[in-house]
Amino acid sequence: MTSPQVQTEKKTQATNLLEVKKLKMHFPIYKQGIFQKRLVNHVKAVDDISFDIKRAEVLGLVGESGCGKTTTGRAVIRAYDPTAGEILFKDADKGNVDLAKLSREEMRDVWKNIQMIFQDPYSSLNPRMTLEQIVGEPLKNYGVLDGSALRDRVAELLRLVGLRPEYMSRYPHAFSGGQRQRIGIARALSLNPQLIVCDEPVSALDVSVQAQVLNLLKDLQGQFQLTYLFISHDLSVVRHLCDRVAVMYVGKIVEIANTEDLFEDIKHPYTEALLSSAPKPDPRARTKHVALQGEVADAANPPSGCYFHPRCRYATDKCKTDAPPLREISPNHWVSCHYSEELSLGA
Ligand code: SF4
């Protein structure tokens, strides 16, 4: 089988900013013996996944809690050292690099071009630093600006995210959750990064401000042609913002397609169940409800065959023994299910 990124590589090699190939992130499990700890198993949080992101594209990574999406984002920025695989990045300064092979020291230069927006705007900002220090810190650390030029750039960034520059001497506690997330976005933008990994950037916010922050991210992406890897458990959020969507289950990608194709022509039973269980804006809307039974499988001891089979209402005996490969069933629509072409899915 030709993998999705090998196939897209031929078509869009010039435009891919990031290519993740056969990425694995396994965490060891140790058991304490009488004298020493011994390795007994691994949690396969990310298990052999591949995808790419083009310049100025927004790729959504969705799935339930524990599916491996946040671990994927952290492996991409090298917060973790991957167990295996390649993370090929077209760095503006270093050229083509495999992030998986770089040392921490070498990554320091790359982090200038890859930034992250964190889920929790309360813990991700240092409470002892003013806005000016928080937003200006990356510029100062990399020696890009200082003095009045730095202050002007911070003021410009605050305006960009909808905050008043007069606030720059205040501390994070003076701001609401939505405003704090705007501060985090301003900081992430400060070095004009090539790629921003957004890790559930609105899920910790009140529903009333989620849309404002989402629209801000969308406007900034359009204005500056930003590239996002957008991690979320919320399909409606992903639909609003992303060009393509990858659905993850127990460390694997089970469906990846253009956003419109994914939502209009669902091909994986897990995507169907996720969509069906998402809250609908119109309570009168009649949809086929597909309840998701049980919990996400244990990544240390996943089920045999198709990992989704214990929760899948279409499962057959074959699903219990044979792992379905990720196949391209229509242009740029990849699915890992034995019965994608036969099932009539819809949520
Ligand atoms: Fe369900 Fe079988 Fe498809 Fe897995 S392979 S999603 S168990 S129908």
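Small disclaimer: the values here were computed from a predicted structure and weren't measured.

K.L.:
Help me out: how do you make sense of the site of the ligand in this one?
P.N.:
The ligand sits among 13 residues. The nearest are Cys-306, Cys-312, Cys-319, Cys-337 and His-338. Tallied by class, residues from the shell around the ligand come to 10 nonpolar, three polar and no charged.

K.L.:
Explain helix 5 (residues 147-160) to me, please; I cannot follow it from the model alone.
P.N.:
Helical periodicity: at 3.6 residues per turn, an α-helix aligns residues three or four positions apart in one direction. Taking 1.5 Å of rise per residue, 14 residues should cover 20 Å, and helix 5 covers 20 Å from first to last C-alpha, within 8% of that figure. Residues of helix 5 that are buried in the fold lie against helix 4 (131-141) and helix 6 (177-189). Following helix 5 by one or two positions, Gly-162 adopts a phi angle in the positive range, close to 85°.

K.L.:
Hey, could you run me through the packing of helix 4 against helix 5 in this one?
P.N.:
A pair of packed helices is characterised by two quantities: the angle between their axes and the separation of those axes. Put simply, helix 4 and helix 5 touch, their axes get as near as 9 Å, and they point 115° apart. Taken as axis vectors, helix 4 and helix 5 run roughly perpendicular relative to one another. Like other packed secondary-structure pairs, helix 4 and helix 5 cross with a definite hand, here right-handed. When helix 4 is examined against helix 5, the residues Leu-131, Glu-132, Val-135, Gly-136, Leu-139 and Lys-140 are found in contact with a partner set consisting of Leu-150, Arg-151, Arg-153, Val-154, Leu-157 and Leu-158. Its residues placed into classes, the contact of helix 4 with helix 5 shows seven nonpolar, one polar and four charged.

K.L.:
Would you take a moment to explain unusual backbone geometry for this structure?
P.N.:
Trans is the prevailing form of peptide bonds, just as negative phi is the prevailing case for residues other than glycine. The backbone of Lys-22 sits at a positive phi, close to 50°, despite the residue not being glycine. Relative to the assigned elements, Lys-22 resides in strand 1 (residues 16-32). Phi is positive for Asn-332, close to 65°, though the residue is something other than glycine. Position of Asn-332 among the secondary structure elements: in the loop between strand 11 (327-330) and strand 12 (333-335).

K.L.:
What's the story with the packing of aromatic side chains in this structure? I'm lost.
P.N.:
Where two aromatic rings form a pair, the distance of their centres and the angle of their planes describe that pair. Enumeration over the complete set of coordinates arrives at five aromatic pairs. Put simply, the rings of Tyr-249, Tyr-270 and Phe-308 pair up and form one aromatic cluster. Looking at Arg-108, its charged tip hangs above the ring of Tyr-142, at a distance of 4.7 Å from the centre.

K.L.:
I tried to follow the pattern of salt bridges on my own but got confused; where do I start?
P.N.:
Between side chains of opposite charge, a pair can form when the charged atoms approach closely. Taken as a whole, this structure holds 21 salt bridges when the rule is applied. Note that Lys-54 is salt-bridged to Asp-52, the shortest N-O span being 3.9 Å. With relative accessibility at 2%, the residue Asp-52 sits in the buried group. Its salt-bridge partner being Arg-327, residue Glu-341 comes within 2.9 Å of it at the nearest N-O pair. Pair noted here: Glu-341 is in the segment after strand 12 and Arg-327 is in strand 11, with a separation of 14 residues, a long-range link. The class of Glu-341 is partly exposed, set by a relative accessible area of 49%. Through salt bridges with shared partners, a single network forms among Asp-52, Lys-54, Glu-57 and Arg-244.

K.L.:
Quick question: what am I supposed to make of helix 6 here?
P.N.:
Here helix 6 spans 18 Å end to end across 13 residues, near enough to the 18 Å set by a 1.5 Å rise per residue. Within helix 6, 11 of the 13 residues are buried, leaving the element largely enclosed by the surrounding structure. Among the structural elements, strand 6 (114-117), helix 4, helix 5, strand 7 (195-199) and helix 7 (207-224) are those in contact with the buried residues of helix 6.

K.L.:
Would you take a moment to explain the nonpolar core for this structure?
P.N.:
Within the largest apolar cluster, 67 residues are counted, with the highest numbers of intra-cluster contacts made by Ile-185, Tyr-228, Phe-230 and Tyr-249. Those residues within four positions of Phe-230 in sequence are excluded, and the remaining contacts are Val-58, Leu-59, Gly-60, Leu-61, Cys-198, Pro-201, Leu-214, Leu-217, Val-237, Leu-241 and Cys-242. Counting 34 residues, the second largest nonpolar core, distinct from the first, contains Leu-18, Cys-67, Met-116 and Ile-231.

K.L.:
It is not clear to me how the side chain of Ser-190 should be interpreted in this structure. Could you clarify?
P.N.:
Looking at the secondary structure, you find Ser-190 in the loop between helix 6 and strand 7. Ignoring sequence-local partners within four residues, the contact set of Ser-190 consists of Val-135, Pro-138, Leu-139, Arg-153 and Leu-157.

The rules behind each value
All residue numbers refer to position in the chain's written sequence, counted from 1. This being a predicted model, a pLDDT of at least 70 is required before a residue's local features are given, and a value of 80 or more before pairs of side-chain atoms are given or counted; all residues contribute to the totals for chains, interfaces and linings. Water and hydrogen atoms were dropped before computing side-chain values, which therefore reflect all heavy atoms in the structure. Only heavy atoms are used to decide nearness, and a residue is near a molecule or strand if one of them lies within 4 Å of it. Here the nonpolar group is Ala, Val, Leu, Ile, Met, Phe, Trp, Tyr, Cys and Pro; Asp, Glu, Lys and Arg are the charged ones; every other residue, Gly included, is treated as polar. The helix and strand labels rest on DSSP assignments: H or I over at least four residues marks a helix, E over at least two residues marks a strand, and numbering proceeds from the N terminus. To estimate the expected span of a helix, subtract one from its residue number and multiply by 1.5 Å. Note on definitions: a residue-residue contact is assigned when non-hydrogen atoms from the two residues lie within 4.5 Å. As a rule, the C-alpha atoms of each element are fitted with a line to give its axis, helices using only the stretch in contact, and angles between N-to-C directions run from 0 to 180 degrees. Throughout, the term roughly parallel applies to angles under 35 degrees, roughly antiparallel to angles over 145, roughly perpendicular to angles from 65 to 115, and oblique to all others. Crossing handedness follows the turn of the near helix against the far one: under a right angle anticlockwise gives a left-handed crossing, and clockwise gives a right-handed one. Any Phe, Tyr or Trp ring, taking Trp's six-membered ring, that has another such ring centre within 6.5 Å forms a pair; planes under 30 degrees apart are called stacked, those over 60 apart edge-to-face, and the others tilted. When the NZ atom of lysine or the CZ atom of arginine is within 6 Å of a ring's centre and also within 35 degrees of its normal, the charge is said to sit over that ring. Salt bridge, as used here: a side-chain nitrogen of Lys or Arg that lies within 4 Å of a carboxyl oxygen of Asp or Glu. Buried residues are those whose accessible area, probed at 1.4 Å on protein chains only, stays under 20% of the maximum for their type, while exposed residues exceed 50% and partly exposed ones sit between those limits. We define the nonpolar core as a collection of buried residues of types Ala, Val, Leu, Ile, Met, Phe, Trp, Tyr and Cys that are connected through side-chain atoms lying within 4.5 Å of one another.

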